[in-house]
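Residue-level structural notes
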Amino acid sequence: MRLGMLSVVPAFLLSTTSQSALAEWGLNITEGVTSLSQEIYSLHMIIFYICVAIAVVVFGVMLYSIIYHRKSRGAEASNFHESTTVEIIWTIIPLLILVVMAVPATSTLIDMYDNSDSDIDIQVTGYQWKWRYTYLNEEIDFFSNLSTPQDQINNESDKGEHYLLEVDKPLVIPINKKVRFLLTANDVIHSWWVPDLAVKKDTIPGFINESWARVEKPGIYRGQCTELCGAGHGYMPIVVKAVSESEYEEWVVAQKAESLASQEVKEMSYDELYALGEKVYATNCLACHQATGLGIPPVFPALKDSPIVKGSIDDHIDMVLNGKPGTAMAAYADQLTVTEVAAVVTYERNAWENNTGDTVTPAQVDALKNK
């Protein structure tokens, strides 16, 4: 499902432009798949129709007065100056309208901020430019990265159905369970927005916002970061996968097993490390350092013929693990496993004609990380 509803595209555009190349033209908010989102939608429509009714009455009276009480017909303006009756009327009527609006709005706001009695608590942390999901009840922790192929982004191939709205690991939640989201950020302000869930909250470093959702039917629901958070702002989508409770329990077991396996320090061949490193680089490093390894100087330096890449292996590993303070180079110690770090360092030291011949093992990374 796209992010807007009531997709309307003019016919003349369809005749001259490929429909797949057009962004959706949403004219209304989405009704969503949660009771809260539907409550918000109903409130929105109530207020909208009240505003329409007010506009019809006000502009109707104006048009009637302009047409039938115009000067050319000999009409003379009446004087309502300091009319107590008129002042009471134009005070009471807006007051009643505001009360009619305030009652459902207050009820909806109370529901929106009721984060109590949650079944599952998930911490959502924004990074440049990815999301981290920590299941506080289950000890599950992973990063969710954009998975749109780089050749689509570079206009070298046709765009996919969910262009820039697809990830390698979606957030998985069970249906009919109240899920509380605790939202924060690691670096700059982001905003976690999933229209179908009626959740849109800023994620602010050093501060925790809260929201919640109870999805009532299985499905995949997509969103985006809606805070201008840097050059990769458009590359941090959100994908929420709502599944049955039994399927969720199976996923939890699988995730815990995968987490344990990822912590193992195992031997890998150069070819295995290089192939894995290429994938890790494409997911985590390519946006800044580019597919060519030439970077975007001076903010994102080149890795081809780089003194870091061709220098000490320990310094290279340390740079990946701990980043470089004061620069855009982030620390990946918490984001990548020791195997992934070993793989990406091996790849960088041998790609783009660097050809150092070095093979970095997970054991080397583990020893340096623990040191």
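1. Points about the sheet that holds strand β6 (residues 190-194)
For sheets, the rule is that strands pair by backbone hydrogen bonds, running either parallel or antiparallel. Spatial strand order, β4-β10-β9-β6-β7: five strands in an open sheet with mixed pairing. The open sheet terminates on both sides in strands that have one partner only, identified here as β4 (171-174) and β7 (199-203). In this sheet, neighbouring strand axes are inclined to one another by 20 degrees on average, regardless of whether the strands run parallel or antiparallel. In the sheet, β6 pairs with β7 via five bridges, with the strands oriented antiparallel. Opposite His-190, over in β7, you have Thr-203 as the bridge partner. Lying over the sheet, helix α5 (residues 245-262) contacts β4 and β10 (237-243), oriented at roughly 135 degrees with respect to β4.

2. A closer look at the nonpolar core
Note that soluble globular proteins tend to have their nonpolar side chains buried in a common cluster. In terms of nonpolar packing, the biggest core is built from 36 residues, with Ile-122, Tyr-133, Tyr-135, Leu-171, Phe-181, Trp-192 and Leu-197 touching the most fellow members. The element best represented in this core is β10, accounting for four residues.

3. So, the pairing of β7
Here β7 shows a buried face lined by Val-199, Lys-201 and Thr-203 and an unburied face lined by Lys-200 and Asp-202. Between β6 and the antiparallel strand that follows it, β7, lie four residues; Ala-198 among them carries a positive phi value of about 60 degrees.

4. Points about the pattern of salt bridges
Taken as a whole and assessed by the stated rule, the structure comprises eight salt bridges. In this structure, Arg-349 and Asp-358 form a salt bridge, with 2.8 Å as the shortest nitrogen-oxygen distance. A cluster of three or more residues bridged by salt bridges with shared partners is formed by Asp-121, Arg-180 and Glu-210.

5. Things to note about the packing of helix α6 (residues 270-284) against helix α10 (residues 338-348)
One way to put it is that α6 packs onto α10 with a least axis distance of 7 Å and a crossing angle of 95 degrees. Of the possible angle classes, the one that applies to α6 and α10 is roughly perpendicular. Within the contact between the two elements, α6 uses Tyr-270, Leu-273, Tyr-274, Leu-276, Gly-277, Glu-278, Val-280 and Tyr-281 and α10 uses Thr-339, Glu-340, Ala-342, Ala-343, Val-344, Thr-346, Tyr-347 and Glu-348.

6. Section: α5
For α5, which comprises 18 residues, the first-to-last C-alpha distance of 26 Å matches the rise-based estimate of 26 Å (1.5 Å per residue) to within 8%. Contacts from the buried residues of α5 go to β1 (120-127), β2 (130-135), β3 (140-144), β4 and β10.

7. Here's the deal with the sheet that holds β3
In spatial order, the strands read β3-β2-β1-β5-β8; together these five strands make up an open sheet with mixed pairing. The outermost strands of the open sheet, each flanked by one partner alone, are β3 and β8 (209-213). Direction aside, the axes of adjacent strands within the sheet are offset by 25 degrees on average. When β1 meets strand β5 (residues 179-185), the two strands line up parallel, connected through seven bridges. Within β5, the position partnered with Gln-123 by the bridge is Leu-182.

8. Let's talk about the packing of aromatic side chains
Per the counting criterion, the structure on display carries 15 aromatic pairs. Here the aromatic rings of Tyr-270 and Tyr-274 are separated by 5.9 Å at their centres, their planes lie at 35 degrees, and the arrangement is tilted. Of the two residues, Tyr-270 and Tyr-274 both sit in helix α6, four residues apart, roughly one turn of that helix. Three or more aromatic residues joined by ring pairs form one cluster here, namely Tyr-133, Tyr-135, Phe-142, Phe-181, Trp-192, Tyr-248 and Trp-251. Stacked on the ring of Trp-212, the Lys or Arg Lys-178 has its end atom at 4.6 Å from the ring centre.

Cut-offs used in this document
- Residues numbered from 1 in each chain as written.
- Predicted model: local features only at pLDDT ≥ 70, side-chain atom pairs only at ≥ 80, totals over all residues.
- Heavy atoms only, no water.
- Pairing = 2+ DSSP bridges.
- Helix = DSSP H or I, 4+ residues; strand = E, 2+ residues; numbered from the N terminus.
- Axes fitted to C-alpha atoms, helices over the stretch in contact; angles between N-to-C directions.
- Contact = heavy atoms within 4.5 Å.
- Core = buried A, V, L, I, M, F, W, Y, C linked by side-chain atoms within 4.5 Å.
- Buried < 20%, exposed > 50% of the residue type's maximum accessible area, 1.4 Å probe, protein only.
- Salt bridge = Lys/Arg side-chain N within 4 Å of Asp/Glu carboxyl O.
- Parallel < 35°, antiparallel > 145°, perpendicular 65-115°, else oblique.
- Expected span 1.5 Å × (residues − 1).
- Phe/Tyr/Trp six-rings, centres within 6.5 Å; stacked < 30°, edge-to-face > 60°.
- Lys NZ or Arg CZ within 6 Å of the ring centre and 35° of its normal.

Geometric values such as these leave the question of function open.
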